[in-house]
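# Structural characterization, general
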Amino acid sequence: MKKWICMLIVTAIAALMLTACGEKPKQFDRVDVGSIKHITISVDGDEEPENDIVKRTGITELVDLYNTARFYETDEVKADDLKKGDTLYFFRYYDFDEKLVGECVISPDGYLYMPDDTDTLYLMNNDFDEDMVKDVIKQYDINSRQPVM
């Protein structure tokens, strides 16, 4: 009986140690979709945005992407290496007072960094849905609308 109790205690301690060592994923501060007026996106990762999303449906999808992103710090790649690529999505979320409430840069491979800290790079825990972002830009960007004749 003592042997079983000791084995149970050892197993419980081992399980606690393994779960305590696991790194909890980081996430962005939650953004309320109702407080977002528009979202700007730069596809080449620079400071000048090419796209501006103002429709509620597009805003909802991009806020959901921001709020559900979970990521871990990584050293697999450097921000300078990501900047050399052709595609790098730079998201900026603005409220109705034109105050910046959230921003991030995400590569199609799921790497991300904050524009004010390019030394710390993260890898997303969940997949980055690049096709969804392309669809939102195509459907809801105010610059991609065709004039009505």
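A brief look at the structure comes next.

### Overview of the overall build of the protein
A tally of regular secondary structure across the protein gives four helices and eight strands. For the protein, the sequential pattern of α-helices and β-strands runs α-β-β-β-α-β-α-β-β-β-β-α. When each of the 149 residues of the protein is scored for burial, the buried share is 37%. Split by element, the accessible area of the protein, about 9800 Å² in all, is 53% carbon and sulfur.

### A short note on the environment of Arg-92
Turning to its location among the elements, Arg-92 is positioned in strand E5 (residues 89–95). A residue is classified by how much of its surface remains accessible, and Arg-92, at 12% relative accessible area, is buried. Residues Arg-92 and Glu-103, eleven residues apart in the sequence, show an inter-C-alpha distance of 4.4 Å. Residue contacts for Arg-92: discarding those within four places in its chain leaves His-38, Ile-39, Thr-40, Glu-47, Leu-100, Gly-102 and Glu-103. Side chain to side chain, Arg-92 and Glu-103 meet in a polar contact 3.2 Å long.

### Quick look at the packing of aromatic side chains
Summed over all chains, the structure comprises six aromatic pairs. Taken together, a centroid distance of 4.7 Å and an interplanar angle of 45 degrees make the contact between Tyr-66 and Tyr-93 tilted. You can see Tyr-66 sitting in helix H2 (residues 56–68) and its partner Tyr-93 sitting in strand E5, a full 27 residues away along the chain. Aromatic pair Phe-71 and Tyr-122: ring centres 5.1 Å apart, planes at 65 degrees, arrangement edge-to-face. Taken together, the positions of Phe-71 in strand E4 (residues 70–74) and Tyr-122 in strand E8 (residues 117–124) put the pair 51 residues apart, joining distant regions of the chain. Here a set of aromatic residues connected by ring pairs shows up, and it is made of Phe-28, Tyr-66, Phe-71, Tyr-93 and Tyr-122.

Cut-off values and rules
Residues numbered from 1 in each chain as written. Predicted model: local features only at pLDDT ≥ 70, side-chain atom pairs only at ≥ 80, totals over all residues. Heavy atoms only, no water. Helix = DSSP H or I, 4+ residues; strand = E, 2+ residues; numbered from the N terminus. Buried < 20%, exposed > 50% of the residue type's maximum accessible area, 1.4 Å probe, protein only. Areas by Shrake-Rupley, 256 points an atom, 1.4 Å probe, with all protein chains shown as cover. Contact = heavy atoms within 4.5 Å. Polar contact = N/O pair within 3.5 Å; in protein donor to acceptor, adjacent residues only side chain to side chain. Phe/Tyr/Trp six-rings, centres within 6.5 Å; stacked < 30°, edge-to-face > 60°.

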